[in-house]
Amino acid sequence: MSRLFLLLGALNGLLAVGFGAFGAHGLRARVTPDLLAVWNTGAQYHMYHALALLAVAVFAAHYPDAALLRAGGWLFLGGIVVFSGSLYLLAFTGLRWLGAVTPLGGVAFLAGWACLALFALRLR
């Protein structure tokens, strides 16, 4: 499980940097400043949670049977897809209804962090 979360964290870090660069260089002249800010928020949270996936990988190497770690990792990945993905699509397409989907990804992020906190509380 550790190797999988290491791979997912690394790939999402790569994507977050790429999407951030695309926003800074490829979208600046194509979208309004408010939509560019939306894109940048997606890229920031994408990177934060790519790093969280790497943390899950490190801990999973030491605690391979920890269900809370696995749950946290999958919730972080789901949050990236839903939260950051909806913001990327909103900024790129201008479809405002996508903003209604974004909080679901935020809930996934919160639940992932709650899983990590519970894991930490249960460590012996």
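Since the structure is predicted, the reported quantities are computational estimates derived from the model, not experimental observations.

Criteria and thresholds
Residues numbered from 1 in each chain as written. Predicted model: local features only at pLDDT ≥ 70, side-chain atom pairs only at ≥ 80, totals over all residues. Heavy atoms only, no water. Patch = residues over 30% accessible without salt bridge, like charges linked within 9 Å, V, L, I, M, F, W, Y side chains within 5 Å. Areas by Shrake-Rupley, 256 points an atom, 1.4 Å probe, with all protein chains shown as cover. Salt bridge = Lys/Arg side-chain N within 4 Å of Asp/Glu carboxyl O. Helix = DSSP H or I, 4+ residues; strand = E, 2+ residues; numbered from the N terminus. Buried < 20%, exposed > 50% of the residue type's maximum accessible area, 1.4 Å probe, protein only. Axes fitted to C-alpha atoms, helices over the stretch in contact; angles between N-to-C directions. Parallel < 35°, antiparallel > 145°, perpendicular 65-115°, else oblique. Left-handed = near helix turned anticlockwise from the far one by under 90°. Contact = heavy atoms within 4.5 Å. Polar contact = N/O pair within 3.5 Å; in protein donor to acceptor, adjacent residues only side chain to side chain. Nonpolar A, V, L, I, M, F, W, Y, C, P; charged D, E, K, R; others polar. Phe/Tyr/Trp six-rings, centres within 6.5 Å; stacked < 30°, edge-to-face > 60°.

Chemist: Give me the lowdown on a nonpolar patch on the surface, citing residues and values where you can.
Modeler: A surface patch of nonpolar side chains, amounting to about 340 Å² of accessible area, comprises Val-58, Phe-59, Tyr-63 and Leu-123. In this fold, Tyr-63 is placed in the loop between helix 2 (33-62) and helix 3 (67-93). Exposure remark for Tyr-63: the relative accessible area of 35% places this residue in the partly exposed category.

Chemist: Tell me about the packing of helix 1 (residues 2-27) against helix 3, residues and numbers included.
Modeler: Axis separation between helix 1 and helix 3 bottoms out at 12 Å; the angle between their running directions is 15°. In terms of their interaxial angle, helix 1 and helix 3 are classed as roughly parallel. Considering the relative orientation of helix 1 and helix 3, their crossing is left-handed. Packed against helix 1, whose contacting residues are Leu-4, Phe-5, Leu-8, Asn-12, Phe-19, Phe-22 and Leu-27, the element helix 3 presents Arg-70, Gly-73, Trp-74, Leu-77, Ile-80, Tyr-88 and Phe-92 at the interface.

Chemist: Give me the side chain of His-49: which residues, what numbers.
Modeler: Mapped onto the elements, His-49 comes out in helix 2. Reaching out from His-49, the side chain makes a polar contact with the backbone oxygen of Tyr-45 at a distance of 2.9 Å. Aside from chain neighbours lying at most four places away, what touches His-49 is Phe-76, Ile-80, Phe-109 and Trp-113.

Chemist: Tell me about the environment of Phe-92, residues and numbers included.
Modeler: Inspection of the secondary structure puts Phe-92 in helix 3. Along the sequence, Phe-92 and Leu-36 sit 56 residues apart, while their C-alpha atoms lie 8.8 Å from each other. If we ignore the near neighbours within four places in the chain, the residues touching Phe-92 are Phe-22, Leu-27 and Trp-39.

Chemist: Could you give an account of the packing of helix 2 against helix 3, naming the residues involved and the relevant values?
Modeler: At a closest axis distance of 9 Å, the pairing of helix 2 and helix 3 adopts a crossing angle of 165°. For the element pair helix 2 / helix 3, the angle class is roughly antiparallel. Between helix 2 and helix 3 lies a crossing of left-handed hand. Broken down by class, the residue content of the contact of helix 2 with helix 3 amounts to 21 nonpolar, 6 polar and no charged.

Chemist: Tell me about the packing of aromatic side chains, and please be specific about residues and values.
Modeler: Scanning all chains against the criterion turns up 13 aromatic pairs. Measuring from ring centre to ring centre gives 5.3 Å for Tyr-63 and Phe-119, while their planes differ by 75°; the resulting arrangement is edge-to-face. Pair noted here: Tyr-63 is in the loop between helix 2 and helix 3 and Phe-119 is in helix 4 (residues 102-122), with a separation of 56 residues, a long-range link. We classify Phe-119 as buried; its relative accessible area is 9%. One aromatic cluster is present, formed by Phe-19, Phe-22, Trp-39, Tyr-88 and Phe-92 through successive ring pairs.

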